[in-house]
Amino acid sequence: MTTQRELQLGFSFSYDELHTPGGLRQLYQLWEAFFASFDPDGWQQFVALRDNRGDMDAVAQSTTLMRAAEAVEEFLVELFGIQTERQALAARIEHERRVAAMRSDFLKRAALRHKQLDTSPERWEYLQQQYVALQTLFPHLPWDSDEEGALAEVISALQHAQQGSSQAPIPAEQAAALLPMLEEYLLVRRSVAPESFAGWQLTWTPRKVDFAHLVEAEHIPLNGYGVEIWRGLHHRRRDGFALTDPRAPLREIMGHIDYCMICHERQKDSCSKGFRNPDGSYKRNPLGVPLTGCPLDEHISEMHALKARGHSLAALAMVTINNPFCAGTGHRICNDCMKGCIFQKQEPVNIPQIETSVLTDVLALPWGVEMYDLLTRWNPLRLDRPYALPYNGRKVLVVGMGPAGYTLSLYLLNEGFGVVGIDGLKIEPLPTSWIGDRSTPPQPIFSWAEIVESLDERIPRGFGGVSEYGITVRWDKNFLTLLQLILQRRRTFLLLDGIRFGGTMTLEDAWEHGFDHVALCTGAGRPTIISVENNLARGMRMASDFLMSLQLTGAAQRDTFANLQLRMPVVVIGGGLTGIDTATEALAYYPVQVERFYTRARQLIAEGGAEQFWSQFDEEERRIAEEFFAHGEAIARERQRATEQGETPNFLPLLRLWGGVRLAYRKRWQDAPAYRLNHEEIAKALEEGIELIECVEPRRFVLDPYRHIRAVVFERIMWDGERYRPTGEMIEIPARSVIIAAGTQPNITYEREYPGTFELDEAGRTYRPFELWWDDTETPLNGNPGDTYSSVASESRP
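In this text the structure is predicted, and so the values were computed from the model without any measurement.

(A) Up close: the overall build of the protein chain. What the protein chain contains, in helices and strands, is 25 helices and 19 strands. Each of the three principal axes of the protein chain carries a C-alpha extent, and together these read 85 × 80 × 65 Å. Across the 798 residues of the protein chain, 53% fall into the buried class. At a minimum sequence separation of 6, the contacts of the protein chain that also span at least 24 residues come to 72%. Here the protein chain displays about 36100 Å² of accessible surface, and carbon together with sulfur accounts for 49% of that area. The protein chain carries 83 positive and 108 negative side-chain charges, and their two centres are separated by 3 Å.

Following this line, the structure appears as structure tokens:
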């Protein structure tokens with residue numbers, strides 16, 4: 001439900017002007033004057049950077065951009081009138097920074113000063129008494145609800161008092177006596193009662209990285225065949241298709257920022273720039289993955305430093321220099337930055353979590369959607385293009401509205417091109433009040449909550465391509481609604497759905513419609529069909545077909561009539577992230593499917609009787625219906641039990657009793673793409689209850705009398721330490737559903753590929769065709785390992 005709030009912009013600016021090229025140019029000029037007044041020295045440095053970057057070293061450039069980012073924040077705060085809310089957010093950040101500093105600074109120094117601890121019961125009892133007495137000096141703090149936060153505030157207050165602060169609540173002498181007592185108390189408590197620190201940021205310790213054992217799992221022999229099953233050590237209950245990862249709280253975020261070394265100050269920010277060999281090539285980790293850092297060259301370390309100082313808007317402005325559509329990246333999407341983190345032998349900084357937190361903290365502010373929208377087309381820190389150019393008369397057709405397509409569209413729009421984005425899927429329209437139309441400007445959105453929907457109730461909109469139907473609900477797809485909104489607000493952008501390029505529209509049609517350029521952003525390509533006996537039998541699906549049917553037809557929703565039949569046991573074949581996602585979604589979908597069948601069957605039986613209901617099925621259909629009815633009844637009983645106990649249902653024992661979901665790969669899992677590139681997703685998937693089988697190659701699908709798959713015959717593959725070789729040993733694994741996730745083949749092959757970009761002169765007339773758009777697929781470019789691109793290519797108008 002939309003909450004109508006009136007937006008009164010500062011600087012005598014109107015909301016409609018924010019959506020015109022002339023207004024953006026005027027806004028930039030206002031910011032320049034504001035910056036010159038707000039920070040005169042910083043302004044002079046910024047002008048020097050903007051006008052002649054070659055004369056300034058990298059560290060000075062970062063420092064200058066950060067000062068300019070703070071000016072951007074102050075300007076936006078005044079423009080949108082959110083001084084109070086920004087101050088409250090900064091106070092929350094400062095509070096959590098103190099909590100993080102308690103671990104990295106206070107406790108670490110305490111350990112150096114108290115090398116010999118007295119942990120006797122008498123000493124521990126005395127320290128506890130002193131600690132209780134200390135709490136009485138600060139009765140206003142939340143000792144019961146957030147002891148860690150209260151303790152951090154006490155330590156900060158005592159440190160200020162010891163330094164002679166006039167605003168300190170106690171004298172310096174008393175503070176000087178209490179601080180050593182607190183140091184000893186925390187160290188002794190950590191020794192004698194470590195369980196009392198459960199969940200505290202204070203005791204977080206980065207884990208050592210063992211590349212051969214990145215995923216913790218139980219290894220169980222499979223029926224004496226010499227093949228192992230990987231099973232998770234920890235189980236996380238899942239019920240349906242709501243968001244499974246609500247992201248880290250601010251305390252954890254600030255803990256990771258505190259853990260960051262802020263490497264840009266020493267030009268060691270490998271998270272952004274990668275690790276280089278002396279010859280300029282990228283170093284590789286023990287798994288052979290090149291440590292390239294962020295493919296967008298995002299200013300990561302600078303973002304962390306600004307966030308640590310409480311400048312959330314400034315941090316977001318820094319992110320959107322090179323990653324304006326950061327809503328489509330970040331947590332559970334990309335991890336190149338983490339792999340490039342300076343910590344290579346221990347747990348890296350969780351940069352994607354921080355990036356997404358920077359965005360969501362801004363979105364949670366009043367008019368947060370509007371401020372982020374503005375930064376995608378107006379950002380003074382983007383020195384080459386601080387604001388979007390007016391329309392230059394050139395029109396580009398972008399085919400495909402997945403990540404490559406919608407990102408390319410934004411860059412083209414900011415360069416002044418007219419863009420028509422087409423997609424073969426149906427894309428649900430957004431409310432006119434959000435995006436406006438040719439005669440009506442959009443209405444400003446006060447709260448991000450006006451856009452957010454629960455993912456298990458959200459209607460799949462179709463926008464975002466693989467981000468919509470391929471990525472699971474581990475990621476918040478409300479961000480796709482936000483990206484669609486930002487593009488459709490642009491007056492030189494048109495979004496058309498249900499258009500298949502090469503069918504509904506051809507390349508010749510594009511030229512006839514007056515397009516100057518066509519960019520194909522059509523994804524990685526066709527799914528690979530494995531060559532085994534009975535590979536087209538009933539019960540077999542391609543992973544892309546399963547995920548698309550699950551998401552876009554609404555089959556995942558409890559009240560839908562969509563028909564997507566899945567039977568257990570389920571075997572997924574593949575070793576990539578698509579296989580991981582397919583396995584988790586199959587495991588989550590089965591309870592939804594059978595419970596829905598059970599509920600509707602009971603309704604029909606109540607209306608027409610059991611005999612009439614069961615008589616409408618043939619022999620095979622009745623077997624499946626009885627199976628679904630019995631399983632649905634068991635699911636319903638578990639749900640009732642959980643409701644009575646006030647807990648989340650635990651469906652996993654039932655699902656494993658019925659065969660569960662297993663993901664089979666032809667090599668060791670340590671060699672699988674998912675392990676090498678996204679081992680965190682394997683760990684999360686194991687928590688949900690899927691099982692992994694390694695070193696098996698599918699040879700034949702075994703059919704039942706109804707010509708439906710009942711098992712898969714695998715050949716065991718042996719790894720001798722140097723190579724894989726077939727053994728001739730066959731293993732039959734039960735399966736009623738087999739889903740193939742064996743990679744993709746390129747859609748289109750081009751004889752010529754020229755990297756390039758659009759270039760404009762002062763008048764905006766010079767033009768050079770764009771040929772490639774970078775993406776994160778694994779298709780090698782020109783045979784160079786580590787250099788990748790999606791099937792995004794271009795044709796210029798003859």
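(B) Spatial organisation of the layout of surface pockets. By volume, the second largest pocket amounts to about 1400 Å³. As for the second largest pocket, its lining consists of 48 residues, and the residues nearest its centre are R207, E347, H679, E680 and A683. Where the lining of the second largest pocket is concerned, the elements lending two or more residues are α8 (250–259), α12 (336–339), α13 (351–363) and α25 (673–688). Among the elements that take part in the lining of the second largest pocket, α25 stands out by supplying nine residues, more than any other. Residues that form the lining of the second largest pocket fall into these classes: 18 nonpolar, 14 polar and 16 charged.

(C) Just the packing of helix α5 (residues 121–137) against helix α7 (residues 172–192), in detail. Running from amino to carboxyl end, α5 crosses α7 at an angle of 130°, the nearest separation of the two axes being 10 Å. Between α5 and α7, the angle falls in the class oblique. Judged by the sense of rotation from one axis to the other, the crossing of α5 with α7 is left-handed. Facing R123, W124, L127, Q128, Q130, Y131, L134 and L137 of α5, the residues of α7 in contact are Q174, L178, M181, L182, E184, Y185, V188, R189 and V192. When grouped by side-chain class, the residues that make up the contact of α5 with α7 number eleven nonpolar, three polar and three charged.

(D) Quick peek at the sheet that holds strand β12 (residues 696–703). In spatial order, the strands read β12-β13-β14; together these three strands make up an open sheet with antiparallel pairing. Sheet topology places β12 and β14 (724–734) at the edges, where each strand pairs with a single neighbour. This sheet shows a mean twist of 20° between the axes of neighbouring strands, independent of strand direction.

(E) The packing of helix α3 (residues 58–80) against helix α10 (residues 300–308), seen in detail. Look at α3 against α10: their axes get within 11 Å of each other, and the N-to-C directions meet at 45°. Judged by the inter-axis angle, α3 sits oblique to α10. In this structure, α3 crosses over α10, and the sense of that crossing is right-handed. Contacts between α3 and α10 pair S62, M66, A69 and E70 from the former with E302, A305 and L306 from the latter.

(F) Spotlight on the side chain of E96. Within the secondary structure, E96 sits in helix α4 (residues 83–113). You can call E96 buried: its relative accessible area is 12%.

(G) How the structure looks around the nonpolar core. Counting residues in each nonpolar core, the largest one holds 113 residues, and the members touching the most others are W31, L76, L79, F80, Y372, L374 and W378. Sort the elements by how many residues they give to this core and α3 lands first, with eleven residues. Sequence-distant contacts of L374, that is, excluding residues within four places in its chain, are made with L18, L24, L27, L76, L79 and F80. Residues F241, L566, I580 and A583 belong to the second largest nonpolar core, which totals 52 residues.

Cut-offs applied
Residues numbered from 1 in each chain as written. Predicted model: local features only at pLDDT ≥ 70, side-chain atom pairs only at ≥ 80, totals over all residues. Heavy atoms only, no water. Helix = DSSP H or I, 4+ residues; strand = E, 2+ residues; numbered from the N terminus. Buried < 20%, exposed > 50% of the residue type's maximum accessible area, 1.4 Å probe, protein only. Contact = heavy atoms within 4.5 Å. Areas by Shrake-Rupley, 256 points an atom, 1.4 Å probe, with all protein chains shown as cover. Lys, Arg positive; Asp, Glu negative; His and termini not counted. Charge placed at Lys NZ, Arg CZ, Asp CG, Glu CD. 1 Å grid on protein atoms, 1.4 Å probe; cavity = no way out; pocket = protein on both sides within 12 Å on 5 of 7 lines; lining within 4 Å. Points joined across faces, edges and corners; volume = space filled by probe spheres on them. Nonpolar A, V, L, I, M, F, W, Y, C, P; charged D, E, K, R; others polar. Axes fitted to C-alpha atoms, helices over the stretch in contact; angles between N-to-C directions. Parallel < 35°, antiparallel > 145°, perpendicular 65-115°, else oblique. Left-handed = near helix turned anticlockwise from the far one by under 90°. Pairing = 2+ DSSP bridges. Core = buried A, V, L, I, M, F, W, Y, C linked by side-chain atoms within 4.5 Å.

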